[in-house]
Amino acid sequence: GALARAAESHDEDTGDHILRISLFSALIAEKIGLPQELIANLHYAAPMHDIGKIGIPDRILLKSSRLTPEEFEIIKTHTTIGASILAGSKSDVLRIAHDISMTHHEKWNGEGYPNGLKGEKIPITGRIVGLLDVFDALTSPRPYKQPYPVEIAYNIIIKERERHFDPMIVDAFENCFDEISAIKKNFGAIRNLTPDDL
């Protein structure tokens, strides 16, 4: 957890962001019927998705205006930086965290980064965290934007079915949207949930 918190320490609201990603991911993994052990590992691995941001300069991470194309290219390297930090571990949690770090910005249609992976070539863990990370980012304040209402964010996610996101994960997101909204709204009350409670 310390590494994930270090990577996220620059964003406001981030402690909650990494915990929500953890809870959201376990919830969706459960919905699509992943094995219990994978759900538990995903719960611990998901918060490390942006660990590579440790290697991105603050002037880019904290910028309050639009990124230039050059700055965006630098931001994109947080995926490969994170994967290299997490590479070579024997721990299942860290192996999953490696896959998520590398692939959470890939898109179902192959137009994501860093490797332009398409469809099921993207690990399921990366596809899950990728969708939930977008949802949480849309509904959270950032230096450069106000948060969107959850309903608007929901519509954006649904529209991206089969483009940005795996249709199966979009369907699971749709089916448990009430629970996802509850996690977003009443975060304090479920701070201590483990995957077994979901």
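Residues numbered from 1 in each chain as written. Predicted model: local features only at pLDDT ≥ 70, side-chain atom pairs only at ≥ 80, totals over all residues. Heavy atoms only, no water.

1. Here we look at the environment of Lys 118
Phase 1: Summarising the element assignment, Lys 118 is placed in the loop between helix 7 (92–103) and helix 8 (124–138).
Phase 2: Note on Lys 118: relative accessible area 54%, which makes it exposed.
Phase 3: Lys 118 has contacts with Lys 107, Trp 108, Asn 109 and Gly 110, leaving out every residue within four places of it along the chain. (Helix = DSSP H or I, 4+ residues; strand = E, 2+ residues; numbered from the N terminus. Buried < 20%, exposed > 50% of the residue type's maximum accessible area, 1.4 Å probe, protein only. Contact = heavy atoms within 4.5 Å.)

2. Points about the pattern of salt bridges
Phase 1: Across all of its chains, the model carries eleven salt bridges by this definition.
Phase 2: Residues joined in a network through salt bridges with shared partners are Arg 20, Asp 136 and Lys 184. (Salt bridge = Lys/Arg side-chain N within 4 Å of Asp/Glu carboxyl O.)

3. Observations regarding the environment of Gly 15
Phase 1: Mapping Gly 15 onto the fold places it in helix 2 (residues 14–31).
Phase 2: Note: C-alpha distance between Gly 15 and Pro 47 (32 residues apart in sequence) is 9.5 Å.

4. Observations regarding the confidence of the model for the protein
Phase 1: Averaged over all residues, the pLDDT of the protein is 89; the fraction at 70 or higher stands at 86%.
Phase 2: Confidence drops under a pLDDT of 50 for residues 188–195, and excluding neighbours within four residues, the segment shows 14 contacts in the predicted structure. (pLDDT = per-residue confidence, 0-100.)

5. What about the packing of helix 3 (residues 36–45) against helix 7?
Phase 1: For the pair helix 3 and helix 7, the least separation of the axes is 9 Å and the interaxial angle reads 65 degrees. Taken together, the axes of helix 3 and helix 7 lie roughly perpendicular to each other. Pair helix 3 / helix 7 crosses with right-handed handedness. Residues Glu 37, Leu 38, Asn 41, Leu 42, Tyr 44 and Ala 45 of helix 3 form the contact with helix 7, whose own contacting residues are Asp 92, Val 93, Ile 96, Ala 97 and Ile 100.
Phase 2: The residue makeup of the contact of helix 3 with helix 7, split by class, is eight nonpolar, one polar and two charged. (Axes fitted to C-alpha atoms, helices over the stretch in contact; angles between N-to-C directions. Parallel < 35°, antiparallel > 145°, perpendicular 65-115°, else oblique. Left-handed = near helix turned anticlockwise from the far one by under 90°. Nonpolar A, V, L, I, M, F, W, Y, C, P; charged D, E, K, R; others polar.)

6. Here's the deal with the packing of aromatic side chains
Phase 1: Tallied over the entire structure, the rule returns seven aromatic pairs.
Phase 2: Judged by centre distance (6.0 Å) and plane angle (80 degrees), the ring pair of Phe 135 and Phe 177 falls under edge-to-face. Note that Phe 135 is positioned in helix 8 and Phe 177 in helix 11 (residues 177–185), a separation of 42 residues in sequence.
Phase 3: Residue Phe 177 is classed as buried on the basis of its relative accessible area of 11%. (Phe/Tyr/Trp six-rings, centres within 6.5 Å; stacked < 30°, edge-to-face > 60°.)

7. Things to note about the nonpolar core
Nonpolar side chains tend toward joint burial in soluble globular proteins.
Phase 1: Among the nonpolar cores identified, the biggest contains 39 residues, and Ile 28, Ile 128, Leu 131, Leu 132, Phe 135, Phe 173 and Ile 180 are the most heavily contacted of them.
Phase 2: Looking at this core, the elements that each hand over two or more residues are helix 2, helix 3, helix 7, helix 8, helix 9 (150–159), helix 10 (167–175) and helix 11.
Phase 3: For Ile 28, the residues in contact, after removing those within four places along its chain, are Ile 128, Leu 132, Ile 169, Ala 172, Phe 173, Cys 176 and Ile 180. (Core = buried A, V, L, I, M, F, W, Y, C linked by side-chain atoms within 4.5 Å.)

8. What about the packing of helix 6 (residues 78–86) against helix 7?
Phase 1: Interaxial distance between helix 6 and helix 7 falls to 7 Å at its minimum, and their mutual angle equals 165 degrees. As far as their axial angle goes, helix 7 and helix 6 are roughly antiparallel. Both helix 6 and helix 7 take part in a crossing whose hand is left-handed. Residues His 78, Thr 79, Thr 80, Gly 82, Ala 83 and Leu 86 of helix 6 lie in contact with helix 7, whose contacting residues are Leu 94, Ala 97, His 98, Ser 101 and Met 102.
Phase 2: Along the lines of polarity and charge, the residues of the contact of helix 6 with helix 7 split into five nonpolar, six polar and no charged.

9. Description of the environment of Gly 130
Phase 1: Counting through the fold element by element, Gly 130 comes out in helix 8.
Phase 2: Among the residues examined, Gly 130 registers a relative accessible area of 6% and is labelled buried.
Phase 3: A sequence separation of 105 residues divides Gly 130 from Ser 25, and the C-alpha atoms of the two residues are 9.6 Å apart.
Phase 4: Every residue in contact with Gly 130, bar those within four places of it in the chain, is listed here: His 104 and Phe 165.

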